[in-house]
Amino acid sequence: MHFANRVTRISGEGADTWRVHDHAVARLSRGEDILLLSIGDPDFDTPEPIRAAAVRALGTGRTHYAPSGGEPALRAAIAASGSPAAGYQIDPEQVLVYPGAQAALFALAQCLFETGDEVIVPEPTYVTYEALLGAAGATMHQIPLRPENGFHLDPDDLARAITPNTRGVMLNFPQNPTGAVLTPEVATAVAALCIKHDLVLISDEVYAQLTFGRPHFCPASLPGMAQRTAVVSSLSKSHAMTGWRCGWSITPPPLTQHLERLARCMYFGVAQFVQDAAVVALTDANDAVAGLQSAFQRRARLVVDHLSGVPGLRCRMPEAGMYVFLDVRDTGRDGKRFAEELLEATGVAVTPGEGFGPSGAGHVRITLGCAEERLGEACRRIAAFAGA
């Protein structure tokens, strides 16, 4: 069989990141004692009011085609909830609904970039970015988020990376896998560079509601940025709705029109009953979101307290999200070897940091996706393994 050349652009280090996780899932299915901390899937049930809304919608026959851009009620709810953070009034017509934030990012890459374009992406970064940009023909130009700087972005690194071929910047703050947030000062510097060099900015803000102190800052709120920024988010993490597949983009109106045309030929709308439940999530689930945020913060603190003093390990408290990015370089292992040997020796599955980019080398990502008792047991196994 002959394959298109683009298949080579959707493979690589990022595509191989899930090998440890897949091995762990296979062992778990055989009944083995596996602690699965290798995928960003909250262990919490979707809050009851959201589930009840979906049941009501199913009961009233809300199982037909939805508008390709999203149900008007959901687009309005997203616009209303996003306007305070964005710093300007979002029109519902600027909102497009997708089956998850991943689909939104893919669609944006298809509509914004083409062969020969460069897109600057700070790393460590989410593992699918290289493939989704490559599928559009663009090249991901990585700049480091250094461990010694708390994985915060240095605007000077961004400035040095800009070339005549640079078309855009893709940010993910609050960050997966490191948990770092974007400060207003850094966002202002990034905005100045985007305006100076006429760059578009894609801001992946899936973890914006899961901050642990310093609030999330949306770069679209800065002067001159609303017309060149695409904000992406979803309900997957903030509302424990990973399997519902409901995300969105907020973009300038001309871009929204192109994205809607692509939606018609790519997925043709998100299920009506899912969108009805999403409206409730955005309008009537604030307490549930606060509970999830508090739980992830407690779990992060538990992991840091367990592992900070372990010889060979360096562990910092994340500023947001549902992960701890553990530095294992002093054990003499890279992240891949540590994760593979940890799984074989202890049954704890974590994600190697190498798949997130060069700055992730020698780290592993620990997902805060199990109850505190089990998470504590995982930490005890990790500590014993590191000291063995």
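The rules we used
Residues numbered from 1 in each chain as written. Predicted model: local features only at pLDDT ≥ 70, side-chain atom pairs only at ≥ 80, totals over all residues. Heavy atoms only, no water. Buried < 20%, exposed > 50% of the residue type's maximum accessible area, 1.4 Å probe, protein only. Helix = DSSP H or I, 4+ residues; strand = E, 2+ residues; numbered from the N terminus. Arc of directions from axis to C-beta. Contact = heavy atoms within 4.5 Å. Pairing = 2+ DSSP bridges. Axes fitted to C-alpha atoms, helices over the stretch in contact; angles between N-to-C directions. 1 Å grid on protein atoms, 1.4 Å probe; cavity = no way out; pocket = protein on both sides within 12 Å on 5 of 7 lines; lining within 4 Å. Points joined across faces, edges and corners; volume = space filled by probe spheres on them. Nonpolar A, V, L, I, M, F, W, Y, C, P; charged D, E, K, R; others polar. Core = buried A, V, L, I, M, F, W, Y, C linked by side-chain atoms within 4.5 Å. Phe/Tyr/Trp six-rings, centres within 6.5 Å; stacked < 30°, edge-to-face > 60°.

Buried within helix 1 (residues 19-29) we find Val20, His21, Ala24 and Arg27. Along helix 1, the residues classed as buried sweep out an arc of 125° about the axis, all on the same side. Among the exposed residues of helix 1, those oriented more than 90 degrees off its buried face are Arg19 and Ser29. Buried positions along helix 1 lie against strand 1 (35-36), helix 11 (335-346), strand 10 (348-349) and strand 11 (351-352). Immediately downstream of helix 1, the backbone of glycine 31 shows phi near 90°, a positive value.

Attention now moves to the sheet that holds strand 12 (residues 363-367). Pairing in this open sheet of three strands is antiparallel, and the strands run 9-12-11 from one edge to the other. A strand with exactly one partner marks an edge of an open sheet, and here the two such strands are strand 9 (323-327) and strand 11. Looking at chain direction, strand 11 and strand 12 are connected through two bridges and run antiparallel. Considered in strand 12, the bridge of threonine 351 is made with arginine 365. Those strands touched by helix 11 are strand 11 and strand 12, and its axis lies near 50° from that of strand 12.

Here the largest pocket defines a volume of roughly 440 Å³. The biggest single contributor to the lining of the largest pocket is helix 4 (residues 101-112), with three residues. Split by residue class, the lining of the largest pocket holds eight nonpolar, nine polar and five charged. In terms of lining residues, the second largest pocket is bounded by 20 residues, among which Ser81, Gly82, Ala85, Ala208 and Ser233 are the most central. Elements that contribute at least two residues to the lining of the second largest pocket include exactly helix 3 (72-86), strand 7 (229-234) and strand 8 (247-250). When residues of the lining of the second largest pocket are assigned to their parent elements, the largest contribution, five residues, is made by helix 3. Its residues assigned to classes, the lining of the second largest pocket shows 12 nonpolar, seven polar and one charged.

We now examine the nonpolar core. Counting residues in hydrophobic clusters, the biggest one holds 99 residues, and the most contacted among them are Val303 and Leu307. Aside from chain neighbours lying at most four places away, what touches leucine 307 is Leu313, Cys315, Leu326, Ile366, Cys379, Ile382 and Ala383. Formed by 26 residues, the second largest nonpolar core is a distinct cluster that contains Val169, Leu171, Leu199 and Met225.

Glancing now at the packing of aromatic side chains. Counted under the stated rule, the structure contains eight aromatic pairs. Aromatic side chains tyrosine 207 and tyrosine 323 sit 5.8 Å apart centroid to centroid with 70° between the ring planes, which places their arrangement in the edge-to-face category. Linking tyrosine 207 in the loop between strand 6 (200-204) and strand 7 with tyrosine 323 in strand 9, this pair joins segments that are 116 residues apart in sequence. The same class applies to tyrosine 207 as to tyrosine 323, namely buried.

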